[in-house]
Amino acid sequence: MPRRVLFVASIGTTLRLFVAPLARSLRAEGIESIAAAGGIDGDLADFDRTYRLPPFRRGSAHAVAAAYRGLRAVVDREKPSLLHLHTPPALILGRLMTRSRGIPSVAVAHGSFLEPKGPRSLVYAAFESTLARLSAATVTENEEDARFYRRHCRAGTVSVAPVGGIGIDLSRIEAAQRAPKVLGPSPSIVVLGRLTPEKNLDVIVRAFARLRTFHPGASLTFVGSALPGDRVWTVPSQPGVAQVNWLDDPYPIIAGADLMVLASRREGFSMSAAEALLLGVPVVAVTNRGVREIERHNAKGLIVVSNSWQELERAMDSVLSRTSAFEQDRHLAQRWSQASAIAFHKDVVAKTLGVRVDS
């Protein structure tokens with residue numbers, strides 16, 4: 001029987017954006033890659049086959065049960081050698097399937113719910129502390145998450161990825177640097193990501209309103225959209241504020257900005273911050289696990305503040321009042337590259353399956 005990896009996520013967007021390059025690389029090694037998600041919303045040609053599960057992201061217990069039955073049918077049909085799990089809801093379903101069918105799993109904790117502290121983080125920690133040990137390998141995107149999982153997983157099965165998602169395409173970074181796209185009047189500030197209250201975006205709007213008393217020509221552009229199941233946050237109609245829907249390649253817009261601002265309280269690894277920093281654009285970010293992981297990498301151009309609009313505004317003003325540029329460490333770009341991420345995740349898959357692959 002061929003080696004076969006079944007990738008599972010709560011939404012197809014995760015598989016398309018963060019998993020497809022890994023699937024493509026595994027296929028080149030003769031390992032079949034199957035996709036299963038609660039909604040397939042785009043081209044997943046990099047997978048050998050795809051399955052649409054009943055939607056279960058933020059769903060009811062009935063929806064989750066339906067998704068589990070759908071996943072069980074896929075597993076029984078495909079008989080995968082490994083389940084590769086992404087997004088917190090899929091981690092839970094996949095681990096239960098691991099126990100039911102005796103198939104090893106790799107759990108990738110892209111963005112855990114361990115922070116900020118609250119009812120959701122307590123529920124998540126309770127589930128993960130009970131189920132995490134069922135995975136043959138667990139991958140986190142920051143050291144703080146890894147410390148949690150090491151307490152609940154078998155020794156030696158938890159590792160920290162070199163970068164979030166599936167890394168950064170350095171060729172697109174270079175292309176954006178050659179042809180930046182400026183969206184708003186200078187100083188131009190961009191916010192990249194899902195438009196949902198979870199991203200704490202009201203804090204940025206409030207900070208920006210104050211900032212315009214010192215920089216009256218400043219512009220703030222939100223680049224993004226809500227995903228299925230998200231509570232939608234509407235960009236306010238106020239001076240200097242605009243919105244652009246999500247783009248598959250936002251790098252030119254980031255490259256054309258004077259500053260990126262992020263306020264999310266929950267990130268496994270802040271990809272938007274990493275992308276901006278490699279483009280030479282400074283970042284002001286509210287602290288979270290993903291941002292603190294970037295701090296551990298000693299990245300230049302990053303300012304981290306507490307969850308306070310006053311602190312956010314002061315940091316934004318400080319950056320915009322400076323004229324000095326910065327150049328990022330080339331070694332950091334290689335560590336955060338897509339090639340580095342693919343090599344890391346292929347190695348985890350290979351070790352779990354007991355096979356050899358080219359790095």
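Above this text sits the structure in question.
Residue numbers run consecutively from 1 along every chain, following the written order of its sequence. Totals for whole chains, interfaces and linings use all residues, but because this is a predicted model, local features are given only for residues with pLDDT of at least 70 and pairs of side-chain atoms are given and counted only at 80 or more. For the side-chain quantities, the full set of heavy atoms in the structure was used; hydrogens and water were omitted.

### Details of the overall build of the protein chain
Test applied: The helix count covers DSSP runs of H or I at least four residues long, the strand count covers runs of E at least two residues long, and both are numbered beginning at the N terminus. Computation of the radius of gyration draws on C-alpha atoms alone. For the globule rule, the value is 2.2 Å times the number of residues to the power 0.38. To sort residues, take the accessible area from a 1.4 Å probe on protein chains only and compare it with the maximum for the residue type: under 20% means buried, over 50% means exposed, and anything in between is partly exposed. Pairs of residues are marked as contacts when any of their non-hydrogen atoms sit within 4.5 Å.
Each helix and strand in the protein chain was counted, giving 13 helices and 13 strands. Against the globule reference of 21 Å for 359 residues, the protein chain gives a C-alpha radius of gyration of 20 Å, in line with a compact fold. Counting the 359 residues in the protein chain, one finds 55% classified as buried. Contacts spanning at least 24 positions in sequence make up 65% of the contacts within the protein chain whose residues lie at least 6 apart.

### A look at the sheet that holds strand S2 (residues 32–37)
Cut-off, in case you're wondering: Between any two strands, pairing holds if DSSP finds at least two bridges. Fitted lines through C-alpha atoms give the axes, limited to the stretch in contact for helices. The angle between two N-to-C directions lies from 0 to 180 degrees.
If you trace the seven strands from one edge of the open sheet to the other, you get S3-S2-S1-S4-S5-S6-S7, paired in parallel fashion. The strands lining the two open edges of the sheet, one partner per strand, are strand S3 (49–52) and strand S7 (158–160). Within the sheet, the average angular offset between the axes of one strand and its neighbour, ignoring direction, is 20 degrees. Two strands pair when backbone bridges link them, and strand S1 (residues 4–9) and S2 are joined in this way by six bridges, in the parallel orientation. By the bridge assignment for S2, leucine 6 is matched with isoleucine 34. Lying on the sheet, helix H1 (residues 12–28) is in contact with S1, S2 and strand S4 (82–86); it crosses S1 at an angle near 165 degrees. Along the sheet face, helix H5 (residues 143–150) touches strand S5 (105–109), strand S6 (137–140) and S7 and points at about 180 degrees away from the line of S7.

### Observations regarding the side chain of threonine 157
Rule in force here: A 3.5 Å cut-off defines polar contacts: any pair of N or O atoms within that distance qualifies, except that in protein one atom must be a possible hydrogen donor and the other a possible acceptor, and neighbouring residues in sequence count only when both atoms are side-chain atoms.
Within the fold, threonine 157 resides in the loop between H5 and S7. For threonine 157, a relative accessible area of 12% translates into the label buried. Among the polar contacts listed, one links the side chain of threonine 157 to the backbone oxygen of arginine 154, at a separation of 2.6 Å.

### Details of helix H11 (residues 309–320)
Which entries qualify depends on this criterion: Helix span, as expected, comes to 1.5 Å for every residue beyond the first. An arc is given here, and it is the one of the directions from the helix axis to the C-beta atoms.
An ideal rise of 1.5 Å per residue puts 16 Å on twelve residues; H11 measures up with 16 Å between its terminal C-alpha atoms. Along H11, the residues classified as buried are Leu312, Glu313, Ala315, Met316, Val319 and Leu320. The buried residues of H11 all sit within an arc of 165 degrees when viewed along its axis, so they share a single face. Those residues of H11 that are buried lie in contact with strand S8 (188–192), helix H7 (201–211), strand S11 (259–262), strand S12 (283–286) and strand S13 (302–305).

### Overview of a nonpolar patch on the surface
Formally: Nonpolar side chains (Val, Leu, Ile, Met, Phe, Trp, Tyr) are joined into patches within 5 Å and like charges within 9 Å, using only residues with over 30% relative accessible area and no salt bridge. Note that accessible areas follow from Shrake-Rupley with a 1.4 Å probe, and for residues the cover is restricted to the protein chains shown. In the sections that follow, a salt bridge refers to a side-chain nitrogen of Lys or Arg positioned within 4 Å of a carboxyl oxygen of Asp or Glu.
A surface patch of nonpolar side chains, amounting to about 240 Å² of accessible area, comprises Leu17, Phe18 and Trp246. With respect to the helices, strands and loops of the structure, phenylalanine 18 is situated in helix H1. Given the relative accessible area of 31%, phenylalanine 18 is considered partly exposed.

### A look at the pairing of S6
The two faces of the sheet receive side chains in turn, since in a regular strand these alternate between them. Formally: Clockwise travel from the first strand over the helix to the second, with the strands pointing away from the viewer, marks a crossover as right-handed.
Judged by which residues are buried, S6 turns out to be covered on both faces: Ala137 and Val139 on one side and Thr138 and Thr140 on the other are all buried. Bridge count between S5 and S6: four bridges; the pairing is parallel. Its bridge partner being in S6, alanine 107 is matched across the sheet by threonine 138. With respect to chirality, the unit in which S5 leads through helix H4 (residues 119–131) into the neighbouring parallel S6 is right-handed. In the sheet, S6 pairs with S7 via three bridges, with the strands oriented parallel.

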